[in-house]
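Given next are the chains, with one letter for each unit.
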Amino acid sequence: MRLDDRLLDFFNRPLMCIIAAADETRRPSAGRGIGFRLLDDRETIDVIFSGWQWPRLETCIRQTARLAATFVSPPDYVSFQLKGSATMRDTDAPDLAYADRFMTAATNELESLGVPRHLIAPWLTPREARVARLAISEIYVQTPGPLAGMVAGAWSR
């Protein structure tokens, strides 16, 4: 599924990210993303997370090749969930730069909303950064309200 221009604009905001997967027995695992990189095809996103903080996520992704990533704009809770097949790939220097920008923007945004910086720091660590490449097959609105759970774009049809 291809990200439209409105979703691309959304991904330019400071965001928070929750990622989730399940192992081969369907036992769920979730954690925080610390960055992302949208690929030029608009159908693929690299999601970066701490393998140190969320070690089960990598195992789950390798076992089932599935991932869900929910991105949230902190000041207004506008949220979208991306789902699809996923693979793990090696982490490179640009990934760490994307993670650093994401964590800085998220920290600054949350701090502007009154969350003390010392409380944010444990949520966002690049320690043992891992990258899951998500081929987007489903996009859902997750913003609280009447559209929550709808397929993204369905409200404009």
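Above this note sits the structure.
Residues numbered from 1 in each chain as written. Predicted model: local features only at pLDDT ≥ 70, side-chain atom pairs only at ≥ 80, totals over all residues. Heavy atoms only, no water.

Visitor: What should I look at first to understand the overall build of the protein chain in this one?
Guide: Looking only at helices and strands, the protein chain has four helices and six strands in total. For the protein chain, the sequential pattern of α-helices and β-strands runs α-β-β-β-α-β-β-α-α-β. Taking 15 Å as the expected radius of gyration for a compact globule of 157 residues, we find that the protein chain reaches 15 Å, a close match to that expectation. For the C-alpha atoms alone, the extent of the protein chain along its principal axes is close to 40 × 40 × 30 Å. Counting across all 157 residues of the protein chain, residues that qualify as buried make up 43%. Sequence-distant contacts in the protein chain: of pairs separated by 6 or more residues, those separated by 24 or more amount to 70%. With an accessible surface of roughly 8200 Å², the protein chain has 53% of that area assigned to carbon and sulfur atoms. Both charge centroids of the protein chain, one from 19 positive and one from 19 negative side chains, sit 4 Å from each other. (Helix = DSSP H or I, 4+ residues; strand = E, 2+ residues; numbered from the N terminus. Rg over C-alpha atoms; globule rule 2.2 N^0.38 Å. Buried < 20%, exposed > 50% of the residue type's maximum accessible area, 1.4 Å probe, protein only. Contact = heavy atoms within 4.5 Å. Areas by Shrake-Rupley, 256 points an atom, 1.4 Å probe, with all protein chains shown as cover. Lys, Arg positive; Asp, Glu negative; His and termini not counted. Charge placed at Lys NZ, Arg CZ, Asp CG, Glu CD.)

Visitor: Hey, could you run me through the side chain of Thr107 in this one?
Guide: Residue position: Thr107 is located in helix 3 (residues 93-112). The residues contacting Thr107, other than those within four sequence positions of it, are Arg117, Ile120 and Leu124.

Visitor: Explain helix 2 (residues 55-64) to me, please; I cannot follow it from the model alone.
Guide: Each α-helix winds once per 3.6 residues, and so residues spaced three or four apart point in a common direction. Burial in helix 2 covers these residues: Leu57, Glu58, Cys60 and Ile61. The buried residues of helix 2 occupy an angular sector of 165° when projected down its axis, which confines them to one face. Pointing more than 90 degrees away from the buried face of helix 2 are the exposed residues Pro55 and Arg62. Trailing helix 2 by a residue or two, Ala65 shows a phi angle of about 55°, which is positive. (Arc of directions from axis to C-beta.)

Visitor: Would you mind showing me how to read the nonpolar core here?
Guide: Soluble globular proteins tend to pack their nonpolar side chains together in the buried interior. One finds Phe11, Ile45, Phe71 and Leu82 to be the most contacted residues of the largest nonpolar core, which totals 42 residues. Broken down by element, the residue count for this core peaks at seven residues, all from strand 6 (residues 129-141). Those residues in contact with Leu82 that lie beyond four places of it in its chain are Leu3, Phe11, Ile45, Leu67, Ala68, Ala69, Phe71, Leu134, Ile136, Glu138 and Ile139. (Core = buried A, V, L, I, M, F, W, Y, C linked by side-chain atoms within 4.5 Å.)

Visitor: For this particular structure, what's the right way to read the sheet that holds strand 2 (residues 28-38)?
Guide: The strand order around the closed barrel formed by six strands is 1-2-3-6-5-4, and the pairing between neighbours is antiparallel. Averaged over all neighbouring strand pairs, the angle between strand axes comes to 45°, with direction disregarded. Where strand 3 (residues 44-50) meets strand 6, seven bridges bridge the pair, whose relative direction is antiparallel. Across the sheet, the residue bridging to Asp46 is Arg133, located in strand 6. Of the strands in this sheet, strand 1 (16-22), strand 2, strand 3, strand 4 (66-72), strand 5 (79-89) and strand 6 are in contact with helix 2, which crosses strand 1 at around 50°. Together, strand 1, strand 2, strand 3, strand 5 and strand 6 form the strand contacts of helix 3, whose direction differs from that of strand 2 by roughly 105°. (Pairing = 2+ DSSP bridges. Axes fitted to C-alpha atoms, helices over the stretch in contact; angles between N-to-C directions.)

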